[in-house]
There are 2 protein chains.
Amino acid sequence: MKEVYSFTKSRELFSRAEKIIPSGIYGHQGPAEGCYIPVDAFPFYSERAQGSYFWDADGNRFIDYMCGYGPNVLGYNDPDVNAAADAQREKCDCVTIPSTVMVDFADLLVDTVACADWAFFAKNGNDVTSLAVLTARAHTHRKKIVFFKGFYHGVSPWTQKIDYPGILPEEVANNIYLPWNDFQAIEDVFRTQGDEIAAVIGQPYMHGNFFDNTLPAEGFWKHVRDLCHKHGSLLIIDDVRAGFRLDLAGSDHFYGFKADLICFCKALANGYNVSALCGGEQFKSTVSGISFTGSYWMSAVPFAAGIACIEKMKRKNLPELLRSRGELLASGLRAAAEKFGYDLRITGEPALPYFRIANDPTLALHQEWVAECVRRGVFITNHHNHFMNASLTEADIAETVEIATEAFSVIKDRHTK
Amino acid sequence: MKEVYSFTKSRELFSRAEKIIPSGIYGHQGPAEGCYIPVDAFPFYSERAQGSYFWDADGNRFIDYMCGYGPNVLGYNDPDVNAAADAQREKCDCVTIPSTVMVDFADLLVDTVACADWAFFAKNGNDVTSLAVLTARAHTHRKKIVFFKGFYHGVSPWTQKIDYPGILPEEVANNIYLPWNDFQAIEDVFRTQGDEIAAVIGQPYMHGNFFDNTLPAEGFWKHVRDLCHKHGSLLIIDDVRAGFRLDLAGSDHFYGFKADLICFCKALANGYNVSALCGGEQFKSTVSGISFTGSYWMSAVPFAAGIACIEKMKRKNLPELLRSRGELLASGLRAAAEKFGYDLRITGEPALPYFRIANDPTLALHQEWVAECVRRGVFITNHHNHFMNASLTEADIAETVEIATEAFSVIKDRHTK
């Protein structure tokens, strides 16, 4: 039996943090909102990370299936990416005029991404989803944006919910929310409001939180693509989460269609801080006219890291590797669940699997299982997709399945007493 | 006579770039909008940077008074900041749960910044000015934001101009624009709309582009502070540009008042990518309730770099150092200008000087002078403030004055022939 972890130092540090940081830890990573794991099973702070593992402040080791919520795609502290970053830093990083490496990075993205005739770099996924929406509005002189329910496109007011703190109704008044994979709904909205729609924005498949993830229905993206063409609206793919994990040419390419604008961030540079908007030639002059920049947007080190990351993803044939690792994990976990009579649903693409124990509609049993996995060194989360990375070995997956099995056994015992 | 630079490689690279990057180079750094220097005098790409210098793609060396538009505060490639970053990267950077160093960085900011009871970290100055506005609206349940004309607070729609591409009128409908240093105007707006004003947002002094920079009038900030208190509105200081260069406790402290929320970015980590919002205890729970996060916001390396940067700024007594260097530069340049009968106006704080040759109201003569400086290795810009950094030596300043003198001589000759 695997020893159950304790989190004494994480807790001590958090009690210091909650005095001087809003929520103690904000965002997904915080115990208040985010990781959705029962708080007592959850480490709060990391101390070290290498490959597919991180160690928390108490020295507990985790096989990590969240990957920093995406940026860790090759493995933490990848030596090739670090070497490229170091070589660039020796020359220059954040300088008054951009480094020559910026052009090389744009070149590589244009070569790699199917719909990309150009690249624009920023820092957050949110920066580039926002630039995409500005571009669509500037290009079409229209206001309305179509979203698919369950979306997440960042934190700017235009993409938040009307009842979220600080958001004004007028900031989201031009948003139209449609059900995912609903052919009729999007056809209706284009028939009635087509000449007001600046863009449709969507993730390549529905990988939202708190529900099983759903791939695009056969022909759905072609339908959306055709409607956008017909009505002169832009099709924006938010590939911040799935980007490069499914297809190095972009997730639109993976599903057989072509985005007008595509947004990348997480997997772009293995954790070095950079995001990118890419798109078609016909939108380049519109983007050029938009007032959009930031203090660190020309930093050269993340560009060099991004080049090394993309080149290594190509060498490793990353999408195929992640798919096979994801399938191995899924079959191991499903078999383990079945042994105890649990129906573990694994949805979404194998490179970004979403888990749910379907026996209990309240999701409480699922949360218990996740907690028992985390306490034993498998870092998964309750109601958010997971991320595979290239350094995850078959041995890691075997160990994961072993721990998951023990976790199923613990919850089975608890609920049959 | 100093040899005049040529920019062959910069031009070649740019002709590649403009095919694959919107504008070729976007933002301030681009020839289209931004550096405001006549394009033929201006290098486009950097190859190396060290201390107070950068070298462009053609190997030309520049004494740099733009400092990456602010991030370079200690000197490019600072060994102490780099050592701290390396030590942290060896452990971990962008991990699923934040590193322990995040708490240490928040602690240091709370100790350092006068109005800070807490710190929230993000990536862009724009992230934290946006969070400040969300906080003010969430806290007051009001919509209106007061700006001072000449402001720059980033690129999100709420802070752009109504006629900028992609911006919707409703996104800026709650903005009130007042003249800087106008006691009566702000009093009037509070008298008539005080119960609708969520916040006043301002830079600590007016360091806008295309006009002489203006310090706060005696008593102006106290007047604004009193009005905000009286009407329950928040006072937000955007210290992204001036932060730490005037006062390590914040520019509000420098001018003798206390902000409710203060925004930092550029000088926070000597170019490593991090920004911060700090503020008073009474706003912490509001910030905690706002949905605001990003993929790289927990990256540990920039936190470690930020700690090393702030500690070194303290050891060097940075504000005093930058002030004395700025004063030395200003007196040298003014004397050089006078020799040729030019009235060089130097405004703003000495650490962030703004230059204008006042003899020619069209500014064309000023642009010619800037061009001749840049062609000879002094990187200044036309209509934006400059930035001093700690590695700038007296010898650098003497060389700058020498080159500036030659530049005055060249334009004098040109216009007296």
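Residues numbered from 1 in each chain as written. Chains lettered and ligands numbered in written order. Predicted model: local features only at pLDDT ≥ 70, side-chain atom pairs only at ≥ 80, totals over all residues. Heavy atoms only, no water.

**Comments concerning the side chain of R245 of chain A**
Residues and elements named next belong to chain A. The residue R245 is located in the loop between β8 (234-238) and α7 (251-254) in this model. One buried charged residue, R245, remains without a salt bridge, the closest side chain of opposite sign being D64 at 8.7 Å. In terms of polar contacts, R245 uses its side chain to reach the backbone carbonyl oxygen of M388, at 3.1 Å. When near neighbours in sequence (up to four residues on either side) are disregarded, R245 contacts C67, G70, N72, V73, A267, L318, P319, L322, A351, L352, F387 and M388. (Helix = DSSP H or I, 4+ residues; strand = E, 2+ residues; numbered from the N terminus. Buried < 20%, exposed > 50% of the residue type's maximum accessible area, 1.4 Å probe, protein only. Lys, Arg positive; Asp, Glu negative; His and termini not counted. Salt bridge = Lys/Arg side-chain N within 4 Å of Asp/Glu carboxyl O. Polar contact = N/O pair within 3.5 Å; in protein donor to acceptor, adjacent residues only side chain to side chain. Contact = heavy atoms within 4.5 Å.)

**Section: the confidence of the model for chain A**
Summing up the model confidence of chain A, the mean pLDDT is 96 and the portion of residues at 70 or higher is 97%. Interface predicted TM-score (ipTM) for the complex: 0.97; the corresponding pTM is 0.97. (pLDDT = per-residue confidence, 0-100.)

**A word on the sheet that holds strand β4 (residues 118-122) of chain B**
Residues and elements named next belong to chain B. The seven strands lie next to each other as β4-β10-β9-β8-β7-β5-β6, forming an open sheet whose pairing is mixed. Both outer strands of the open sheet, β4 and β6 (175-178), are each paired with one neighbouring strand and no more. Direction aside, the axes of adjacent strands within the sheet are offset by 20° on average. (Pairing = 2+ DSSP bridges. Axes fitted to C-alpha atoms, helices over the stretch in contact; angles between N-to-C directions.)

**A look at the nonpolar core**
Formed by 315 residues in total, the largest nonpolar core has its most connected members in L109, F121 and W369 of chain A together with L109, F121 and W369 of chain B. Ignoring sequence-local partners within four residues, the contact set of L109 of chain A consists of A116, A119, F121, F244, L268, A276, C278 and I310 of chain A. (Core = buried A, V, L, I, M, F, W, Y, C linked by side-chain atoms within 4.5 Å.)

**Section: the packing of helix α3 (residues 101-112) of chain A against helix α1 (residues 8-20) of chain B**
Two numbers describe how α3 of chain A lies on α1 of chain B: the axes approach to 10 Å, and their chain directions differ by 40°. Taken as axis vectors, α3 of chain A and α1 of chain B run oblique relative to one another. The way α3 of chain A lies across α1 of chain B gives a crossing that is left-handed. Across the interface between the two elements, V103, D104, A106, D107 and V110 of chain A from α3 of chain A touch L13, R16, A17 and I20 of chain B from α1 of chain B. For the contact of α3 of chain A with α1 of chain B, a count of residues per class yields six nonpolar, no polar and three charged. (Parallel < 35°, antiparallel > 145°, perpendicular 65-115°, else oblique. Left-handed = near helix turned anticlockwise from the far one by under 90°. Nonpolar A, V, L, I, M, F, W, Y, C, P; charged D, E, K, R; others polar.)

**As for the packing of helix α11 (residues 364-375) of chain A against helix α12 (residues 394-416) of chain A**
All names here are of chain A. It is at 8 Å that the axes of α11 and α12 come closest, and there the two elements cross at 130°. By the criterion of interaxial angle, the relationship of α11 to α12 is oblique. For the pair α11 and α12, the crossing hand works out as right-handed. For the pair α11 and α12, the contacting residues are L365, E368, W369, E372 and C373 in the first and I403, A404, A407, F408, V410, I411, R414 and H415 in the second. Residues belonging to the contact of α11 with α12 are distributed by class as follows: nine nonpolar, one polar and three charged.

**Section: the environment of W369 of chain A**
Residue and element names in this part refer to chain A. Structurally, the position occupied by W369 is in helix α11. Judged by its relative accessible area of 1%, W369 falls in the buried class. Here the alpha-carbon distance between W369 and E406, two residues 37 residues apart in the chain, equals 9.5 Å. Dropping the residues within four chain positions of it, W369 is found in contact with L333, L344, F355, I357, I380, A404, A407, F408 and I411.

**Some remarks on the relation of the copies chain A and chain B**
The relation between the two chain copies is a rotation about an axis coupled with a shift along that axis. Superposing chain A onto chain B requires a rotation of 180° together with a translation of 0.0 Å along the rotation axis, leaving an RMSD of 0.0 Å. Viewed as a symmetry operation, the transformation between the two copies matches a two-fold axis. Most of the interface of chain A is mirrored in chain B, where 100% of its interface residues again form contacts. (Least-squares fit on C-alpha atoms with pLDDT ≥ 70 in both.)

**A short note on the interface of chain A and chain B**
Every contact between the two is made by 102 residues of chain A and, on the other side, 102 residues of chain B. Broken down residue by residue, the surface that chain A buries against chain B is led by Y26, T96 and Y296 of chain A, which jointly contribute 10%. Our count for the contact surface shared by chain A and chain B stands at 12 salt bridges. Here K143 of chain B and E170 of chain A are joined by a salt bridge, their closest N and O atoms 3.1 Å apart. (Buried area = accessible area lost by both parts, 1.4 Å probe.)

**With respect to the pattern of salt bridges**
Under the definition given, this model contains 50 salt bridges over all chains. Across the salt bridge formed by D78 of chain A and K312 of chain A, the nearest N and O atoms sit 2.7 Å from each other. Separated by 234 residues along the polypeptide, D78 of chain A in the loop between β3 (61-64) and α2 (79-91) and K312 of chain A in helix α9 (residues 300-315) bring together distant segments of the chain. Across this residue pair, the class does not change: D78 of chain A and K312 of chain A are buried. When the shortest N-O distance is used, the salt bridge between E47 of chain B and K91 of chain A registers 3.7 Å. Taken as a pair, E47 of chain B in strand β1 (residues 46-50) and K91 of chain A in helix α2 lie in two separate chains rather than in one. K91 of chain A gets classed as partly exposed once you look at its relative accessible area, which sits at 34%. In this structure, a network of salt bridges that share partners links the residues D40, E368, E372, R375, R376, E406 and R414 of chain A.

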